[in-house]
Amino acid sequence: QVQLVESGGGLVQVGGSLRLSCSASGSMFRVNDMGWYRQAPGKQRELVATITSDGSTNYAGSVKGRFTISREDAKNTVYLQMNNLKPEDTGVYYCNADILRIDWGRRNVYWGQGTQVTVSS
């Protein structure tokens, strides 16, 4: 019924920029809060940024001032603009969305497939 599709990962040099996008598709749903997580090999998955349905944002301290999360509700899409990238930003980035299933009348959490971001020095 609902699927999250991510794009935008890749290989960049230190100081470069990338923009990740994640779109929800399907029917009979409404997107609530959305966010981005990342995971490096051998490390725990960590929260990067979140954005609520009314546009309120929150960032991990390590990315604040460099990353910007935004959403385009008409397209059911969340973005992550990443600037001044550092080697420690390397990892697999996952989109997350809290979605109301109108047909079920319940909220469920969905995840994207993940996209690799590699920052080389």
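Residues numbered from 1 in each chain as written. Predicted model: local features only at pLDDT ≥ 70, side-chain atom pairs only at ≥ 80, totals over all residues. Heavy atoms only, no water.

On a plain count of helices and strands, the protein chain comes out with 0 helices and 11 strands. Counting from the amino terminus, the protein chain carries its helices and strands in the arrangement β-β-β-β-β-β-β-β-β-β-β. Its C-alpha atoms give the protein chain a radius of gyration of 14 Å, near enough to 14 Å, the size a compact globule of 121 residues would have. The buried share of the protein chain, reckoned over its 121 residues, is 39%. Sequence separation of 24 or more characterises 57% of the internal contacts of the protein chain that already satisfy a separation of 6 or more. Of the roughly 6,500 Å² that the protein chain leaves accessible, carbon and sulfur atoms contribute 45%. Taking the average location of the 13 positive side-chain charges in the protein chain and that of its 10 negative ones, the two points are 2 Å from each other. (Helix = DSSP H or I, 4+ residues; strand = E, 2+ residues; numbered from the N terminus. Rg over C-alpha atoms; globule rule 2.2 N^0.38 Å. Buried < 20%, exposed > 50% of the residue type's maximum accessible area, 1.4 Å probe, protein only. Contact = heavy atoms within 4.5 Å. Areas by Shrake-Rupley, 256 points an atom, 1.4 Å probe, with all protein chains shown as cover. Lys, Arg positive; Asp, Glu negative; His and termini not counted. Charge placed at Lys NZ, Arg CZ, Asp CG, Glu CD.)

Another aspect to go through is the sheet that holds strand 7 (residues 67–72). Strand pairing in a sheet takes place through backbone hydrogen bonds and is either antiparallel or parallel in direction. Across the sheet, 4 strands lie side by side as 1-3-8-7; this open sheet has antiparallel pairing. The open sheet has two free edges, formed respectively by strand 1 (2–7) and strand 7, since each of these has just one partner strand. Direction aside, neighbouring strands of the sheet carry axes that sit 15° apart on average. Bridge analysis of strand 3 (residues 18–26) against strand 8 (residues 77–82) gives 6 bridges, and the strand direction is antiparallel. Looking at strand 8, one finds that Ser21 is bridged to Tyr79. (Pairing = 2+ DSSP bridges. Axes fitted to C-alpha atoms, helices over the stretch in contact; angles between N-to-C directions.)

Right, let's get into the nonpolar core. Formed by 29 residues in total, the largest nonpolar core has its most connected members in Trp36, Leu80, Met82, Tyr93 and Ile99. When residues of this core are traced back to their parent elements, those giving at least two are strand 1, strand 3, strand 4 (29–39), strand 5 (46–51), strand 7, strand 8, strand 9 (91–101) and strand 11 (115–120). Setting aside anything within four residues of it in sequence, one finds Ile99 in contact with Val2, Leu4, Ala24, Phe29, Arg30, Val31, Asn32, Arg106, Arg107, Asn108 and Tyr110. (Core = buried A, V, L, I, M, F, W, Y, C linked by side-chain atoms within 4.5 Å.)

Once that is clear, we can look at the packing of aromatic side chains. Taken as a whole and judged by the stated rule, the model has 1 aromatic pair. The lysine or arginine in question, Arg45, covers the ring of Tyr37, its NZ or CZ lying 5.6 Å from the ring centre. Against the face of Trp104 rests Arg101, its NZ or CZ located 4.2 Å from the ring centre. (Phe/Tyr/Trp six-rings, centres within 6.5 Å; stacked < 30°, edge-to-face > 60°. Lys NZ or Arg CZ within 6 Å of the ring centre and 35° of its normal.)

Another point: the state of the cysteines. Counted under the stated rule, the structure contains 1 disulfide. A disulfide bridge connects Cys22 with Cys95, and the sulfur atoms are separated by 2.2 Å. Because the sign of the S-S torsion sets the handedness, a value of about -80° for the bond joining Cys22 and Cys95 places this disulfide among the left-handed ones. With Cys22 in strand 3 and Cys95 in strand 9, the pair connects residues that are 73 residues apart, well separated along the chain. By relative accessible area, Cys22 is classed as buried at 0%. Here Cys95 falls in the buried class, since its relative accessible area comes to 0%. (Disulfide = S-S within 2.5 Å.)

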